[in-house]
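Descriptive structure summary
So the chains spell out like this:
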Amino acid sequence: MGSRNWSRRDLLRAGVTTAAMAGLAPLTEAVATPPAPGAVVFDALGEIRTVYDANLVDRILDSGTRAIAVTITDPKAAEADAFDLMLRDLAGYNLYLRSMPAHYVQAASVADVDEAVRSRRLAVFYNLQDSSPVGGDLSRVSLLRRLGVTSIQLTYNTHNRAGSGCFEDPDRGLTAFGRELIAEMERQRVLLDLSHAGMRTMADAIAASARPVIVSHTACKVLRAHRRNTTDENMRAVADGGGVVGITQIRPFLTDARSDNLEAYFRHIDHAVRVAGIEHVGIGSDRDHRVIADTPEELAILLQEEGPQLSPQDWPLYLEKLNGPHRMQVIREGLRERRYSQSDIDRLMGGNVLRLYRDVVG
Ligand SMILES: [Zn+2]
């Protein structure tokens, strides 16, 4: 890592990119191609676990990341338990983030991202990967928003009150309750996330939405027929509504190749850009920031966490070159090698997700 004798804030004032600060590009080149004003690296959905220490968060900040949406509770909980479990886990996140005030900003709006950029911290938005904590009580949407939840997935993998998850066949589509939930989320400025939805439910929900939506962590079904991936048709519909599709880094969604597989990630990004347009694609890693060892012990931990939805063939879950806190640097360099312009790189790395949050969350 170069430039240790410069403070990062000095470099930021000089308009130097975070890639240059991390020693990834010569200083002169970085000065010649500064990021667009307001360029922010924003992971549309990724993991911050309440065990991460200051050193790991510093490495995440070194990668340039300044904002991330995290899933605060287990979406596999039964609906009857989901609300109480969510309250417990939300309190845990609040305590953890407040215990590291030099590293985190708990984010309720894009003003908090501005603050994170200014103070070189990480803005953390709260996401739910299932609407089950709402139960049948729509007044909870406003409560969740006031507690800091800024995005909610309509469904996880199975049927719920709102619609069908991607594991269900047939997909029964958006329900009447799902329509009411979407309208209430729009009133409360909670971003609708359609990751994990079945394709029919997803299409119905996009059509029912007056506001832009996100599919925060998915990949392209036409490149790989995985049930979690999204059709070109639905990606186009998300874009037509002003929304964003986040491309995940979960290896089995992207490729069979267990090693030497980074190209697969860029193939999915390239395809999503062709289909949805450069202003409607982002990064939604869905990945841990710790370096996960390729060992039977780690596989056993994962199988315990994820249950029967995961099989040993899905291992490893990560792309080897994106396994760790440095991954946003690797992606930025890869996009540059693929001849994306600086402004397009800024859009893909977070500008599009930030715009969406500004439009919907405020
Ligand atoms: Zn997910």
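Residues numbered from 1 in each chain as written. Predicted model: local features only at pLDDT ≥ 70, side-chain atom pairs only at ≥ 80, totals over all residues.

Topic: the overall build of the chain
Selection criterion: Secondary structure counts use DSSP, requiring at least four H or I residues in a row for a helix and at least two E residues in a row for a strand, with both numbered from the N terminus. Buried, partly exposed and exposed are defined by the number of other C-beta atoms within 10 Å of a residue's own C-beta, namely 20 or more, between the two limits, and 12 or fewer respectively, with C-beta atoms placed from the backbone. Here contacts are defined at the residue level, using C-beta atoms placed from the backbone and a cut-off of 7 Å between them.
Counting its secondary structure elements, the chain contains 15 helices and nine strands. Burial statistics for the chain: of 362 residues in total, 46% are counted as buried. Of the contacts formed within the chain by residues at least 6 apart in sequence, a portion of 70% connects residues at least 24 apart.

Remarks on helix 12 (residues 262-276)
Formally: Here the expected span of a helix is defined as 1.5 Å times the quantity of residues minus one.
End to end, helix 12 covers 22 Å across 15 residues, agreeing with the expected 21 Å (1.5 Å per residue, within 8%). In the segment just after helix 12, G277 is the residue with positive phi, at about 100°.

Looking at the nonpolar core
Keep this limit in mind: Defined on buried residues, the nonpolar core groups Ala, Val, Leu, Ile, Met, Phe, Trp, Tyr and Cys residues joined through C-beta atoms within 7 Å.
Of all hydrophobic cores here, the largest spans 88 residues; its most connected members are A123, V124, L192, A205, V238, V245 and A272. No other element matches the eight residues that helix 15 (residues 342-360) contributes to this core. Discounting residues that sit within four places of it in the chain, L192 has contacts with I152, L154, I182, M185, A205, S209 and V213.

Notes on the pairing of strand 7 (residues 214-218)
In plain terms, the rule: Two strands are said to pair when DSSP picks up at least two bridges between them. If the strands point away from the viewer and the path from the first strand over the helix to the second runs clockwise, then the crossover is right-handed.
Buried residues dominate strand 7, accounting for five of its five residues. Relative to strand 8 (residues 244-247), strand 7 runs parallel, the two being bridged by three bridges. Residue pairing across strands places I214 opposite V244, the latter belonging to strand 8. Read as a crossover between parallel neighbours, the route from strand 7 over helix 10 (residues 232-240) to strand 8 is right-handed.

Structural notes on helix 13 (residues 296-306)
With zero of its 11 residues buried, helix 13 lies for the most part at the surface. Looking one or two residues beyond helix 13, the residue adopting positive phi is G307, at roughly 70°.

Thoughts on the environment of R332
Inspection of the secondary structure puts R332 in helix 14 (residues 327-337). For the pair R332 and V41, spaced 291 residues apart in sequence, the C-alpha to C-alpha distance is 9.7 Å.

Examining the pairing of strand 4 (residues 122-128)
Remark: a regular strand shows side chains that alternate across the two faces of the sheet. Taking burial as the measure, the seven residues of strand 4 include seven buried ones, the bulk of the element. Residues L122, V124, Y126 and L128 of strand 4 are buried on one face, and the alternating residues A123, F125 and N127, pointing to the opposite face, are buried as well. In this sheet, strand 4 lies alongside strand 2 (residues 65-71) in parallel orientation, the contact comprising five bridges. Residue pairing for strand 4: A67 is matched across the bridge by A123.

Structural notes on the packing of helix 9 (residues 199-208) against helix 10
To characterise two packed helices, one gives the angle between the axes of the helices and the distance between these axes. As a reminder, the rule being used: Each axis is a line fitted through C-alpha atoms, taken for helices only over the stretch in contact, and angles between the N-to-C directions span 0 to 180 degrees. The labels follow the angle: roughly parallel below 35 degrees, roughly antiparallel above 145, roughly perpendicular from 65 to 115, and oblique for the rest. Should the near helix be turned anticlockwise from the far one by less than a right angle, the crossing is termed left-handed; should it be turned clockwise, right-handed.
Two elements in contact, helix 9 and helix 10, have axes whose closest approach is 10 Å; the angle formed by their N-to-C orientations is 20°. The orientation of helix 9 with respect to helix 10, classified from their angle, is roughly parallel. As helix 9 packs across helix 10, the resulting crossing turns out to be left-handed. Contact residues: M199, M202, A203 and I206 in helix 9; N234, A237 and V238 in helix 10.

Considering unusual backbone geometry
Negative phi is the rule for most residues except glycine; trans is the rule for most peptide bonds. In the segment running from D169 into P170, the intervening peptide bond is cis, with an omega of 5°. Looking at where P170 falls in the secondary structure, it is placed in the loop between strand 5 (149-153) and helix 8 (176-187). Here the residue pair W315 and P316 is connected by a cis peptide bond, since its omega of -10° sits within 30 degrees of zero. Position of P316 among the secondary structure elements: in the loop between helix 13 and helix 14.

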